[in-house]
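Fold and geometry: a report
This is what each chain is made of:
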Amino acid sequence: LYQAENVHTSITCCCSPQAKQKNATLRPTPTDHHFIVALLGHIDMRLTTARRTKCLLFSERCILVSALAGIAFSLIAYSVLHSLAVQNVGIFDPSSSRMPVSPLTILNSAATAMATIVSRHDTAATQVRTASTTGLEFVHLTKTAGSAIEEAAARSGVKWGVCHWKRVKKFGPVCLYKDWEITRPAYNRSAIPFQFKGSLGEPWHTPPHWFRENPYVGSTTFCVVRDPYERMVSEYYSKFGGYNGADRNNVTVMNVWMKKRLSPQAKKQVHRLPQHLYVYNLEGSRVIDHVLRFEHLDSDFTSLMERYGLGVALPQRMNVRNATTSMLTTANLTDDTIQMINEHYDADFLLFNYSKVKDSSEMLMVRHFKT
């Protein structure tokens, strides 16, 4: 059963209990309304399917093709239904043996109403095509609320970070297709510090100036930095590259895991790259325009969005670890682990004005004063 509310239509399965009950009392009548609603309903479905399959993300031709296919299908269905009506099958009023409405009437009525349907379905496509024209791009450092920022942006019609490189369906239509590709050779090896030359992983987590062809060129960029101790604990609990064993809340296990990955022999990965490598190049020049701090991200991010006239708002609960499954904190870092973090992220402490501690006793004191 097609049900109309203006030109917005939906389908109720004819086999559902509600539909069966309705069928007992409802007999379609041979009116223009019945056929036009059926036609528009089918076109509406075609456009929805096209949008879900990325058709509308590339050109308006897809709208036309989908609409014409819908009209063709509806005319075929119309012919079948009319034939049944003429044969007095009982689908239409048995007293009527004439064609209830001509195909030309269907097309004329559809042409008038299709503009509304196309406009509604083209909104998502327009969002996608204009999402990258804001002039502001986000550089995603790991464990700094990056995924929350990317999702909030995508749901506001802005394409940032992972959405350029990868299809993420849960972020909505803006993130349904990728528009950046890695060209080979992908990286400018001379821009990468020697000890990190094996750190090339996901492109959306890679420092922009490490690319041979930097996709961020011409855009204003921003990123978020975080206290190195807190970031390392967050890396430990991360679903991506962190530790997920049943004993993950064991203090010894956490510290052994961190020391192994911070050792000079460990394979370097983008998930533990020092943050200054994103913000500064090897010559010491700053290559990121805006650096926000995780510790007061709400105010920093809101100010930046207001400055660029973007309506992106962060969720209230963001990057909050589950206290029942992620119980350890920086207070559980041992002296050895703290020393290794201090050495590995030395430049991060200095350049982003984060305070170092010498040992676990000082860490407990600092946490006490913060709370």
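To keep things clear, this report deals only with the structure shown in the data block. What you see is a predicted model, and the numbers here were worked out from it, not measured in a lab.

Turning next to helix α8 (residues 251–262). For α8, with 12 residues, the first-to-last C-alpha span of 17 Å sits near the 16 Å given by 1.5 Å per residue. Where α8 is concerned, the buried positions are Val253, Met254, Asn255, Trp257, Met258 and Leu262.

Glancing now at the pattern of salt bridges. Summed over the entire model, instances satisfying the criterion amount to 4 salt bridges. Measuring nitrogen to oxygen at the nearest pair gives 2.5 Å for the salt bridge that ties aspartate 346 to lysine 356. With aspartate 346 in helix α12 (residues 346–351) and lysine 356 in the loop between α12 and α13 (360–370), this residue pair connects regions lying 10 residues apart in the sequence. Judged by relative accessible area, aspartate 346 falls into the partly exposed class, the value being 39%. You can call lysine 356 partly exposed: its relative accessible area is 38%.

The strand order across the open sheet formed by 3 strands is β3-β4-β5, and the pairing between neighbours is parallel. Only two strands of the sheet have a single neighbouring strand rather than two, namely β3 (136–138) and β5 (290–293). Pairs of neighbouring strands in the sheet enclose a mean axial angle of 30°, with direction left out of account. Where β3 meets strand β4 (residues 220–225), 3 bridges bridge the pair, whose relative direction is parallel. Across the sheet, residue phenylalanine 138 finds its bridge partner in β4, namely phenylalanine 222. Along the sheet, helix α10 (residues 297–308) makes contact with β3, β4 and β5, crossing β5 at roughly 150°.

Another point: the pairing of β5. Side chains His290 and Leu292 of β5 all project onto a buried face; the interleaved residues Val291 and Arg293 project onto a face where none is buried. Inspection of the sheet shows β4 paired to β5 by 4 bridges, in the parallel sense. The residue bridging valine 224 from the neighbouring strand is leucine 292, located in β5.

Moving on, we get to the packing of helix α7 (residues 228–236) against helix α11 (residues 335–344). What describes two packed helices is the angle between their axes and the distance between those same axes. Put simply, α7 and α11 touch, their axes get as near as 10 Å, and they point 110° apart. Judged by the angle between their axes, α7 and α11 are roughly perpendicular. For the pair α7 and α11, the sense of crossing is right-handed. Counted together, Pro228, Tyr229 and Met232 of α7 and Ile338, Ile341 and Asn342 of α11 form the full contact between these two elements. Across the contact of α7 with α11, the residue classes tally to 5 nonpolar, 1 polar and no charged.

All chains considered together, the criterion is met by 12 aromatic pairs. Seen in terms of ring centroids, tryptophan 160 and phenylalanine 222 are 5.1 Å apart; in terms of plane orientation they differ by 70°. Their pairing is edge-to-face. Highlighted residues: tryptophan 160 in the loop between α5 (146–155) and α6 (162–165) and phenylalanine 222 in strand β4, separated in sequence by 62 residues. What makes tryptophan 160 buried here is its relative accessible area of 0%. Classification of phenylalanine 222 as buried rests on a relative accessible area of 0%. Relative to tryptophan 180, the ring of tryptophan 165 lies with its centre 5.4 Å away and its plane at 80°, an arrangement referred to as edge-to-face. Of this pair, tryptophan 165 sits in helix α6 while tryptophan 180 sits in the loop between α6 and β4, placing them 15 residues apart in sequence. Summarising the burial analysis for this pair, tryptophan 165 and tryptophan 180 share the class buried. Put simply, the rings of Trp165, Trp180, Tyr187, Phe211 and Tyr216 pair up and form one aromatic cluster. Note that lysine 159 overlies the ring of tyrosine 177, its terminal NZ or CZ placed 4.4 Å from the centroid. One residue, arginine 226, lies across the ring of phenylalanine 294, its end atom 4.0 Å from the ring centre.

Turning our attention to the packing of α8 against α11. Relative orientation of the contacting elements α8 and α11 amounts to 30°, with a least axis distance of 10 Å. Between α8 and α11, the angle falls in the class roughly parallel. Helix-helix and strand crossings are classified by hand; for α8 and α11 the assignment is left-handed. Across the interface between the two elements, Asn255, Met258, Lys259 and Leu262 of α8 pack against Asp336, Thr337, Met340, Ile341 and His344 of α11.

This part is about the environment of glycine 172. Position of glycine 172 among the secondary structure elements: in the loop between α6 and β4. The sequence separation of glycine 172 and glutamate 151 amounts to 21 residues, and the corresponding C-alpha distance is 8.3 Å.

Of all hydrophobic cores here, the largest spans 48 residues; its most connected members are Tyr229, Tyr236, Met258, Leu333 and Ile341. Broken down by secondary-structure element, the contributors of at least two residues to this core are α6, β4, α7, α8, α9 (276–279) and α11. Here this core takes 5 residues from α8, the largest share from any one element. Residues within four places of tyrosine 236 in sequence aside, it is in contact with Gly242, Tyr243, Asp247, Arg248, Asn249, Asn250, Val253, Met254, Trp257, Met258 and Leu328. If you look at the next biggest cluster of nonpolar residues, it comprises 19 residues, including Ala153, Leu292, Leu310 and Leu314.

The rules behind the values
Along every chain, residues carry numbers that run from 1 in the direction the sequence is written. Given that the model is predicted, a residue must reach a pLDDT of at least 70 before its local features are reported, and side-chain atom pairs must reach 80 or more before they are shown or counted; all residues, however, enter totals for whole chains, interfaces and linings. By convention in this description, side-chain values take in all heavy atoms of the structure and omit both hydrogens and water. Secondary structure elements follow DSSP: runs of H or I no shorter than four residues count as helices, runs of E no shorter than two count as strands, and numbering proceeds from the N terminus. Multiplying 1.5 Å by the helix residue count minus one yields the expected span of that helix. Remark: exposure states derive from per-residue accessible area (1.4 Å probe, protein chains only) relative to the maximum for the residue type, with buried under 20%, exposed over 50%, and partly exposed in between. Think of a salt bridge as a Lys or Arg side-chain nitrogen and an Asp or Glu carboxyl oxygen that are within 4 Å of each other. In this analysis, strands are considered paired if DSSP registers two or more bridges between them. Lines are fitted to the C-alpha atoms to define the axes, a helix being fitted only along its stretch in contact, and any angle between axes, read from their N-to-C directions, falls within 0 to 180 degrees. Throughout, a residue-residue contact means that at least one pair of heavy atoms, one from each residue, lies within 4.5 Å. Any angle that is under 35 degrees is reported as roughly parallel, and any over 145 degrees as roughly antiparallel; angles of 65 to 115 degrees are reported as roughly perpendicular and all others as oblique. Here a crossing is taken to be left-handed if its near helix is turned anticlockwise relative to the far helix by less than a right angle, and right-handed if that turn runs clockwise. Each residue gets one label: Ala, Val, Leu, Ile, Met, Phe, Trp, Tyr, Cys and Pro are nonpolar, Asp, Glu, Lys and Arg are charged, and the others, such as Gly, are polar. Between 30 and 60 degrees the pair is tilted, below 30 it is stacked and above 60 it is edge-to-face, where a pair is any two Phe, Tyr or Trp rings, Trp via its six-membered ring, whose centres lie within 6.5 Å. In this scheme, the term charge over a ring applies when either NZ of a lysine or CZ of an arginine sits within 6 Å of the ring centre and within 35 degrees of the ring normal. Residues belong to a common nonpolar core when they are buried Ala, Val, Leu, Ile, Met, Phe, Trp, Tyr or Cys residues joined through side-chain atoms within 4.5 Å.

Interpretation in functional terms is not warranted from these geometric data alone.
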